[in-house]
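What the coordinates show
Below, each chain spelled out in residue letters.
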Amino acid sequence: DQQVKQNSPSLSVQEGRISILNCDYTNSMFDYFLWYKKYPAEGPTFLISISSIKDKNEDGRFTVFLNKSAKHLSLHIVPSQPGDSAVYFCAASPGFNKFYFGSGTKLNVKP
Amino acid sequence: EPEVTQTPSHQVTQMGQEVILRCVPISNHLYFYWYRQILGQKVEFLVSFYNNEISEKSEIFDDQFSVERPDGSNFTLKIRSTKLEDSAMYFCASSRTTTGGREKLFFGSGTQLSVL
């Protein structure tokens, strides 16, 4: 029962370039989406979120895009920095304090 | 910034033994959660807890699992008789909201449970 899918287990990007992490979901009841970043030996930390009433939300170098018709969201990091190297989890919520997570994408930003 | 704390960071146990994983959620948060991540797999929801009772649980959260908030600060996950497949990183999380779920989850750093 994978309601949230991150099909790329890993991504490697050169420093200064754009990183694009993708996420697909199947449940049309999801109306709130989040990205979390996780470093080794640490818990996931919140990065950015988007409500289904929007199609874009930007916070500094991080932008999340939501395509509701395709049930797809993406996280853009530009410019990418070596400190961005981490595992990124996409999460979706239908409300009621329920959150569903993807399996994560490991981003490696090469200096 | 307030944070969720979990202890221990690593727990090794023998199959069939009971383990208790401990968490101190952020003090003004109302919802508490346990998630787990088996190595290389997705982060899986186990249980949510609100107002001193379970509000939702997944099919993973069977009779071997229980949660408790024994005092005003701690939130524990007990596994009564551990199995090899319980080996995973267990994350505690908390959130503020009571409705809508538009708040984000704050996670602890996890307890790595190894069942031998």
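Residues numbered from 1 in each chain as written. Chains lettered and ligands numbered in written order. Predicted model: local features only at pLDDT ≥ 70, side-chain atom pairs only at ≥ 80, totals over all residues. Heavy atoms only, no water.

Quick look at the sheet that holds strand 8 (residues 75-79) of chain B
All names here are of chain B. How we decide: For two strands to be treated as a pair, DSSP must find no fewer than two bridges joining them. Strands are runs of DSSP state E lasting at least 2 residues, helices are runs of H or I lasting at least 4, and numbering of each runs from the N terminus. In this analysis, axes come from line fits to C-alpha atoms, helices being fitted only over the stretch in contact, and the angle between any two N-to-C directions falls in the range 0 to 180 degrees.
The four strands are arranged 1-3-8-7 in an open sheet whose pairing can be described as antiparallel. Looking along the sheet, the strands with just one partner apiece sit at the ends: strand 1 (5-7) and strand 7 (65-68). Adjacent strand axes in the sheet meet at a mean angle of 20° when their direction is disregarded. Pairing between strand 7 and strand 8: four bridges, direction antiparallel. Each residue of the ladder has a partner; that of Phe65, found in strand 8, is Ile79.

Remarks on the packing of aromatic side chains
Rules: Ring geometry is summarised as follows: Phe, Tyr and Trp rings, the Trp one being its six-membered ring, pair when their centres sit within 6.5 Å, and such pairs are stacked at plane angles under 30 degrees, edge-to-face over 60 and tilted between the two. Buried means the residue's accessible area, taken with a 1.4 Å probe over protein chains only, is under 20% of the maximum for its type, while exposed means over 50%, and partly exposed covers the values in between.
Per the counting criterion, the structure on display carries 19 aromatic pairs over all chains. Judged by centre distance (6.2 Å) and plane angle (25°), the ring pair of Tyr31(B) and Tyr33(B) falls under stacked. Each of the two residues, Tyr31(B) as well as Tyr33(B), counts as buried. An aromatic cluster is present here, built from Tyr36(A), Phe46(A), Phe99(A), Phe101(A), Tyr31(B), Tyr33(B), Tyr35(B), Phe45(B), Tyr50(B), Phe91(B) and Phe107(B) joined pairwise through their rings.

Quick look at the side chain of Ser94(B)
All names here are of chain B. The condition that has to hold: What qualifies as a polar contact is a pair of N or O atoms within 3.5 Å, subject to a donor-acceptor requirement within protein and to the restriction that residues adjacent in sequence count only when both atoms come from side chains. Residues count as neighbours in contact if any of their non-hydrogen atoms are within 4.5 Å of one another.
In this fold, Ser94 is placed in strand 9 (residues 88-95). For Ser94, the side chain forms a polar contact with the side chain of His29, separated by 2.7 Å. Not counting the four nearest positions on each side in its chain, Ser94 is found in contact with Val4, Pro25, Ile26, His29, Tyr31, Phe32, Tyr33, Lys104, Leu105 and Phe106.

Here we look at the pairing of strand 3 (residues 19-24) of chain B
Residues and elements named next belong to chain B. Residue alternation in strand 3 divides its side chains into a buried set, Val19, Leu21 and Cys23, and an unburied set, Ile20, Arg22 and Val24. Of the strand pairs in this sheet, strand 3 and strand 8 are connected by five bridges, and their pairing is antiparallel. Within the sheet, the bridge partner assigned to Ile20 lies in strand 8 and is Lys78.

Considerations on the interface of chain A and chain B
Here is the rule we go by: Buried area is understood as the total, over both parts, of accessible area removed when two parts are fitted together, assessed with a 1.4 Å probe. In the sections that follow, a salt bridge refers to a side-chain nitrogen of Lys or Arg positioned within 4 Å of a carboxyl oxygen of Asp or Glu. Charged residues are taken to be Asp, Glu, Lys and Arg, nonpolar residues to be Ala, Val, Leu, Ile, Met, Phe, Trp, Tyr, Cys and Pro, and polar residues to be all remaining types, Gly included.
Chain A puts 22 residues into the contact, and the matching count from chain B is 23 residues. Carbon and sulfur atoms make up 56% of the area that chain A and chain B hide from each other, which totals about 1800 Å². Of all residues in chain A, the largest losses of buried area upon contact with chain B belong to Asn97(A), Phe99(A) and Phe101(A), amounting jointly to 35% of the total for that side. There are one salt bridge connecting chain A and chain B. One salt bridge in this structure joins Lys98(A) and Glu56(B), with 2.6 Å as the shortest N-O distance. Where chain A meets chain B, there are three residue pairs in polar contact (both at pLDDT 80 or more). Of all elements in the fold, only strand 4 (32-38), strand 9 (86-95) and strand 10 (98-101) of chain A reach the threshold of two or more residues within the side of chain A that touches chain B. It is strand 4 of chain A that contributes the most residues to the side of chain A that touches chain B, four residues altogether. Residue composition of the side of chain A that touches chain B, grouped by class: 10 nonpolar, seven polar and five charged.

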